[in-house]
Each structure stands twice: as C-alpha cells, then as structure tokens.
Amino acid sequence: MKKMILNNKLILGMALLVFGAVSCSDEDTEVVSLAKDVATEEAELDAALEDVDDFSSISLEVSQENAGGKIEDEIDDDRICDGIITFEGTKADGTLTIDFGEGCVDANGNIRTGKVIITYSGRYFEPGSVTTITLEDYSINGMEVEGTRTVTNITTDGSPTWNITLVGGKVTFEDGSVATREVERIRVWERAPSPINDRILITGVASGQTKGGVAYTSRITEELVYIRNCRRGRRGRVPVSGVNVITTENRTLTIDFGDGTCDRRFTVTSDDTEQEVTF
C-alpha cells in the first residue's frame, strides 16, 4: 500500500512538473511572439517615417536653394524620380509636393506611391522654421502611411536639430490590418564630409496600437542612429544602433539595434526571453 501511494505521488509530481514545463514553454512562446510583433511594427513604422523625413528634408533644402529651376536635377538621391516634384513659393515660405504617382522605384527596390506635401515657413535649416509634412495616399512597398508631421527647427548650436510630432498616424499593412501611432521626438542631423555618411540621431517617445490591438508606449533610451549609406531595409531605413523600450499592459520589451553594423537585425528582450529578429 505504501509503495502504491509513493508511486501515485511520484506520478502526480511528474505530471505537475511536465504541466509546469509546458505552461512555461507556452508563456515563453507567447512573449516571443508578442515581442516580435510589437517590436517589428515599431521598427517598421520608425523606418518608414524616418525615410519620409529624410527625403523630404533633402528635397526641401534643394528646392529652397533652387527655386524656379529644375529641382530633380540637383537632388542626388535615388528615391526622387524624374518629374515628381512641384514647387510653389520662395525661400522663406511655400509648398513642395513630391508626387510618386503609381510608383517610383529606388536603387534598393523600394516602391513609393502617392504624395508627400510639404508646407514651410522659414528655411528648413533656419532656427525657428516650421515645416509640415502631410501624407496623401502615400505608401512604401504596399504599406500605406498616413498622418501629419510637424517639424520645428530648434537648433541652438552645432548640428541641425528639429522637434518632430506626428498626429493622426495610421499605417495600413498589405493584409488590411491597421496600426495607429503618435510621436514626439528630437532629430539631429550630423553632417559628414561625404553626404553618404551623414548620421541621423533620434530620441523621444511614441505611443499607439498595434495591428493586433495591443496598446503600447515607447521610449528611446539610447539614441537611434541611422546612416544614409545603410538604406537596405525594404521598408526604407533601419537604425544601425540604439535602444528602444516598448511598454504594453503586460510586458516591457527592449529593442537593441546593435553596435553600428549595417544589417537588418535587432534583438528583442522581455524578462528572461531574448529573440533576434530580421527586419
């Protein structure tokens, strides 16, 4: 009888151990899945929006310098196809429209469609200037991006610096799912002797809801670094370094973009679970 009881206890203990192991495994799988979904969406949106800011700022700078001339000929950027820019105004204020039409393909195979409408008061690199970027039926590689970005030059000395807000941010993915987003960030443009090596440094916060319905906030704890010659991502641009911490109702996810290597990978950590993700 004692032997039978011991055997039953042993069986029960083993069952509980197995159940516990399965439960932990399921939880780890859930954490990894959530981390990948939230982190990947956040990275995709950052890349797409930073891409818009980048080609908009380059186009606007050239347009203000060459008002009245053929602007595309002066822009050394493969994202700007021939004949897609119209400009009205002066160096002090006006409107620049970048119309990608039904598709403009860059050297990396990214396809942009729709319009990016830029209105400005003051020169883009002039402290105190305000630039508003409105996206109209804009998409990159089938991912539709909406919202109004206000870019205010807050440079005091050193590298040009802007405060950037995004209001009404919305992304519709190719499968029809939707994510929303609001942004408050600082953008610093570090110029290099060769423009291809220019660095963009991003800090700040954002909030939104993923296409899976998960509400989140994010805070950049180590500045995100973008380098122009690292535009390899199919969504536009990917940081080469920096850390972004995302908080949901139940999880805290840390995204680490690495040590400066031009690749499309980042690491997501949640509790004791770590996952490498390819963008």
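The sections below set out a description of the structure shown in this document.

About the cut-offs
Residues numbered from 1 in each chain as written. Predicted model: local features only at pLDDT ≥ 70, side-chain atom pairs only at ≥ 80, totals over all residues. Heavy atoms only, no water. Disulfide = S-S within 2.5 Å. Helix = DSSP H or I, 4+ residues; strand = E, 2+ residues; numbered from the N terminus. Contact = heavy atoms within 4.5 Å. Core = buried A, V, L, I, M, F, W, Y, C linked by side-chain atoms within 4.5 Å. Buried < 20%, exposed > 50% of the residue type's maximum accessible area, 1.4 Å probe, protein only. 1 Å grid on protein atoms, 1.4 Å probe; cavity = no way out; pocket = protein on both sides within 12 Å on 5 of 7 lines; lining within 4 Å. Points joined across faces, edges and corners; volume = space filled by probe spheres on them. Nonpolar A, V, L, I, M, F, W, Y, C, P; charged D, E, K, R; others polar.

Examining the state of the cysteines
Argument step 1. All chains considered together, the criterion is met by one disulfide.
Argument step 2. Linked covalently through their sulfurs, Cys 81 and Cys 104 form a disulfide whose S-S length is 1.8 Å. Across the disulfide from Cys 81 to Cys 104, rotation about the S-S bond amounts to roughly 95°, and the bridge is consequently right-handed. You can see Cys 81 sitting in the loop between α1 (2-65) and β1 (85-89) and its partner Cys 104 sitting in strand β3 (residues 104-105), a full 23 residues away along the chain.

Considering the environment of Leu 45
Argument step 1. Note that Leu 45 resides in helix α1.
Argument step 2. In this structure the C-alpha to C-alpha distance between Leu 45 and Met 143, which are 98 residues apart in sequence, comes to 9.6 Å.
Argument step 3. Beyond its immediate stretch of four places on either side in the chain, Leu 45 contacts Val 171, Arg 181 and Tyr 216.

Points about the nonpolar core
Argument step 1. Phe 55, Ile 98, Phe 100, Val 116 and Tyr 138 are the most contacted members of the largest nonpolar core, which has 52 residues in total.
Argument step 2. With 10 residues, α1 is the single largest residue contributor to this core.
Argument step 3. In this structure, Phe 55 is in contact with Arg 79, Ile 80, Ile 98, Phe 100, Arg 112, Val 116 and Tyr 138, ignoring residues within four places of it in sequence.
Argument step 4. If you look at the next biggest cluster of nonpolar residues, it comprises six residues, including Val 188, Val 225, Ile 227 and Val 240.

Description of empty space enclosed by the protein
Argument step 1. The final tally for this structure, using the stated rule, is two cavities of 30 Å³ or more.
Argument step 2. Volume-wise, the largest cavity comes out at about 110 Å³.
Argument step 3. Those elements that provide at least two residues to the lining of the largest cavity are α1 and β8 (178-190).
Argument step 4. No other element matches the four residues that α1 contributes to the lining of the largest cavity.
Argument step 5. Taken together, the residues of the lining of the largest cavity break down into five nonpolar, no polar and six charged.
Argument step 6. As a volume, the second largest cavity reaches approximately 30 Å³.
Argument step 7. Looking at the second largest cavity, the residues that line it are Leu 45, Leu 49, Val 145, Glu 146, Leu 166, Gly 169, Lys 170, Val 171 and Arg 181.
Argument step 8. Among the secondary structure elements, those contributing two or more residues to the lining of the second largest cavity are α1, β6 (143-153) and β7 (161-172).
Argument step 9. Top contributing element to the lining of the second largest cavity by residue count: β7, with four residues.
Argument step 10. Of the residues in the lining of the second largest cavity, the class split is five nonpolar, one polar and three charged.

Note that all results are geometric; they support no functional claim without further evidence.
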